[in-house]
Structures are given as C-alpha cells and as structure tokens.
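# Chain and residue survey
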Amino acid sequence: MIRTEERVDQELEDLEERSALYLSLGPGQKALGGTIRQTDAKHQHALLSVVNQKTLELLMELAQQADVELRIIEPSLSALSRVLGHCGADADGPTLIVNVNDLGVEVGITHEGQLLLDYRPTGDLEPDQIAETITHHLSRLQRYCDRYVRFTNGRLDRAVLCGHSADLLELRDAFTHHGSIRAEVATPDEIDETWDFSNSDVDPSFCPALGAMLLRINNETSYTTPNLLERIASQSSGPLIPGLIKAFLPLAAAIALAAGAWVLVFQMQRGASETALQIATFEPLRIEANELDDELSAARKLLSHYETVDLGLVGPQWHQLSTTITQCLPDDTWLESLEVDADGRVVLKANTYNAESMYKLRDWLRKYPGFSSVALREADAGESNAEDGAQAPGAPTSNVKTKAVTRFDIQCQLAGRISGEESDSASL
C-alpha cells in the first residue's frame, strides 16, 4: 500500500487486527512481518506479510535441527523481485511476477527490485485459468500502478513466470493466447553473469532461493522486504537485565500488592486479637453488671409491693380525727355515728335542728387536710320528741319539748387512701 504516513500506520494496524481471521492460512495464531519504505516526502509504501504461527515455528525447528542460522524469512515474491532488480529485468517499468507452486499461484508487481503488490488468486487453477484470471484483473492492476506508482513507462504488459519448467511453458502459451501480456520464463542463468549452472540442473523454481542468497552474497540492502523473524528477534534480543526487569515488573507489582495486603490483614488480625482480649477482660464485669441489674429490678418490684402494703396499713390518727370532727360540729348539731371502712371511706351520720348547719359542717370538713372528696349524701327531716324531759342522745339541752330535726350523712375519704373502686380501676 502507498499512503500518507498516518494512513499507512492506521491501515497496518487494521490489517494486523484482521489477520487472525485469515482462514486460508489455517486456524490459530498468525505471525506478522512488515516493512515501510519512504517513496517521497509525503508518502510511504508498506508491505505486510502474514503466515500461520505454527508454520513459522516448524521452519525454525527444522533450521535448529539442521544447525542452520535463520536471519530472514520473507515472502517468495520479495526474493523474486530482488532477482529481477539484480538482473535489471524490471528497470524500465512495472513488471508482473507469476510464481506457481504446489499451494497455488502468487501474482506480484515489481519495479527496480522492489515488490509493490502481492495478489493471490484463490483456488487450484489450471495454467489457462491463471492466465485468464490475471488478464481479467489486469485493468485493476494497471489502475493501481497509475494511481500509486508513477513510472516513466507505467504500462503493465510484461510478466515473468517462475516455478517448475513443465507448468511454465503451458502457462506462457496461455498468456500468448490471451494476447494482453508478454510472458517469459525466469532463467537462473541470467541472474548474475558470474554464476555458472552448467554442471547443475537448476530450473526457475530455484529463483526465490537465489534471490534470498543475493542479500548475503552482494549485501544488497536497498530492497526493503518483510522479515517474519524481526518480531521474534526483537522479543528475544536486547540486554538481559532490562529485559528481565521489564518481564518481572508485573510480578513485582503483584508481590508488592500482596505484601501490602498481608500487612493490612496482619494489622487487622492483631487489632482483632487485642479487642478480643479486652472483651475477655471485661466479661466478668459485664456478668456482674447484669447480676446487679437483675437485683435492682427485683428490689424495685419489692419496693413497689412494700409501698402498696404500706399504703393499705397506714391508718389515721383516730384521736385527732375525732377531735377535729367534734370541733367542726355546730352547736345545734350532734354526731350520731362515725364509720370508717378498710378503704379509708368515712361516713358521718349526724342530726341538726338547723339545715344550714349540715352545709357548714360539710364546708369545714372540706377545709380539713385529712379528708378528701367530702360530699353530703342524704338529708331527711323529722321531729325530735322531748316529752317528760327526754331528748335525743347527744342533743343540746333545750327547753323546747318538740323541734324539727334534720338527719344527714356526710361521706369523705381519708387523704392518701384509695377507695376500693378507685383501686380496682387503677390496677387495671
């Protein structure tokens, strides 16, 4: 490909990503080799070679078994381009290379020893089909030359055939039949005038190997070619210590992270142990506090029972109570009876000649702090018969033999005591 520098880099990255999908090379990982050549100030020409990783590993293994040092593994068309460049066969303009082998056919465009394009028709094609296919695509190949490679003589009308001699003669006749391309068979004798193959049976299929030898013999480095060993060499070469450091950096980071995590866990475990020791130290105190809390709850319940019993046992000062009631009686009123039940309810039954006196007695009793809930319950009018000088018990002395008497009841509650009804409602 020939593009600007930015587009070349981007398209190489895209090709490398898509290389894993090249099923024609077989399943599995692919090995890549690329080269970039500057064509002018703005444009670059790039070549990318892709091969199955297992194939490359097999070649390296065979070379190791044969005690052969591998320096370069390149496409056959690159070596053939170097051959044509060395003998000047592609000096006048772009030339087609057609390499036929057991795997199929390879088609390339070369100029001045530099491979410009690699094109591979698919399928197992016969010589006539190869010629027909290339002739059919010739217009596209010509547009490539016109667009990306500007030659003095840019017409693409010549092809150099390489492969086994028996197949090449039939292929040359097929190109002649189609009439668009002048085809000629590559001749090893014409590569270099100093080479002599008179004692050897060397046919055109040896041309790629001879092209690879040109790098070693003549040290021709002006031709750029993809080398599938470069990435492997770059991964295995270089100073040992920096490589080891780079290789062990992720491991060192993992070890440092693990060490930090271990220190953190150790500190947390030590803190947990100290906390557990403190908890164990305070355990007797916690048990004692629970026991004291239980004792306090029991004491509070007992105190509540005592207060209830005390409230029921505390009685009034009876002499003070009777004295107070007597002092509150008006002159025309006398006490008939005084009743106090267990709930502290007091009922006073009295008589009076004056109805107003019973209200005065009620009001006086309300002012006494020893009573609560003082109420006048009953009142009825009658006569007091004082014939023969007789009079009601406790009634004041009077010269009146017959007077109107009002009988009444005053009910009250001893202060601080709860009546039975109130006690029942309070307990609910």
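Residues numbered from 1 in each chain as written. Predicted model: local features only at pLDDT ≥ 70, side-chain atom pairs only at ≥ 80, totals over all residues. Heavy atoms only, no water.

Moving on: the overall build of the protein. Helix and strand counts for the protein stand at twelve helices and twelve strands. The buried share among the 428 residues of the protein stands at 33%. Pairs at least 24 apart in sequence give 63% of the contacts found in the protein among residues at least 6 apart. Accessible surface computed for the protein: about 27,400 Å², of which carbon and sulfur atoms make up 53%. (Helix = DSSP H or I, 4+ residues; strand = E, 2+ residues; numbered from the N terminus. Buried < 20%, exposed > 50% of the residue type's maximum accessible area, 1.4 Å probe, protein only. Contact = heavy atoms within 4.5 Å. Areas by Shrake-Rupley, 256 points an atom, 1.4 Å probe, with all protein chains shown as cover.)

This part takes up helix α4 (residues 127-136). Turning to α4, its buried residues are Pro-127, Ile-130, Ala-131 and Ile-134. The buried side chains of α4 occupy one side of the element, clustering within an arc of 95° when seen end-on. (Arc of directions from axis to C-beta.)

Another point: the packing of aromatic side chains. According to the stated counting rule, one finds three aromatic pairs in the structure shown. With a centroid separation of 5.7 Å and an interplanar angle of 15°, the aromatic rings of Trp-262 and Phe-266 are classed as stacked. Of this pair, Trp-262 and Phe-266 both sit in helix α9 (residues 240-313), four residues apart, which is roughly one turn of that helix. Looking at Phe-266, the relative accessible area reads 41%, which means it is partly exposed. (Phe/Tyr/Trp six-rings, centres within 6.5 Å; stacked < 30°, edge-to-face > 60°.)

Segments scoring low in pLDDT should not have their predicted coordinates read at a detailed level. On average, residues of the protein carry a pLDDT of 78, and 79% of them reach 70 or more. Predicted confidence for residues 386-390 stays below pLDDT 50, and this span has four contacts to residues more than four positions away or in other chains. Within the model, the stretch residues 420-428 combines pLDDT values under 50 with two contacts to residues more than four positions away or in other chains. (pLDDT = per-residue confidence, 0-100.)

Attention now moves to the pattern of salt bridges. Under the criterion given, the structure shown has nine salt bridges. Between Glu-283 and Arg-286 there is a salt bridge, and its shortest N-O distance comes to 2.3 Å. Of the two residues, Glu-283 and Arg-286 both sit in helix α9, three residues apart, roughly one turn of that helix. Linking Arg-345 and Asp-341 is a salt bridge whose minimum nitrogen-to-oxygen distance equals 2.8 Å. Linked through salt bridges whose partners overlap, the residues forming this network are Glu-106, Asp-118 and Arg-120. (Salt bridge = Lys/Arg side-chain N within 4 Å of Asp/Glu carboxyl O.)

As a further point, take the nonpolar core. Grouped together as the largest cluster of nonpolar side chains are 23 residues, with contacts concentrated most on Leu-96, Val-98, Ile-109, Ile-134, Leu-171 and Phe-175. Only β4 (95-101), β5 (104-111), α4, α5 (138-148), β7 (158-162) and α6 (165-178) provide two or more residues apiece to this core. Setting aside residues up to four positions removed in sequence, Ile-134 forms contacts with Leu-96, Val-98, Val-107, Phe-175 and Ile-181. Listed in part, the 17 residues of the second largest apolar core include Leu-321, Ile-325, Leu-329 and Met-358. (Core = buried A, V, L, I, M, F, W, Y, C linked by side-chain atoms within 4.5 Å.)

For the rest of this paragraph, the subject is the sheet that holds strand β6 (residues 114-119). Taken together, the five strands give an open sheet; going across it, the order is β6-β5-β4-β7-β8, and neighbouring strands pair in mixed fashion. Of all strands in the sheet, those bounded by a partner on one side alone are β6 and β8 (182-185). Each neighbouring strand pair of the sheet contributes to a mean axis angle of 25°, computed without reference to strand direction. Relative to β6, β5 is paired through five bridges, and the arrangement is antiparallel. (Pairing = 2+ DSSP bridges. Axes fitted to C-alpha atoms, helices over the stretch in contact; angles between N-to-C directions.)

On the surface, Asp-102, Asp-124, Glu-126, Asp-128, Glu-132, Asp-167, Glu-170 and Asp-173 cluster together to form a negatively charged patch. Elements represented by at least two residues in the negative patch include exactly α4 and α6. Looking at the negative patch, the element that brings in the most residues is α6, giving three residues. Here Asp-167 lies in helix α6. Accessibility expressed as a relative area gives 38% for Asp-167, which makes it partly exposed. (Patch = residues over 30% accessible without salt bridge, like charges linked within 9 Å, V, L, I, M, F, W, Y side chains within 5 Å. Lys, Arg positive; Asp, Glu negative; His and termini not counted. Charge placed at Lys NZ, Arg CZ, Asp CG, Glu CD.)

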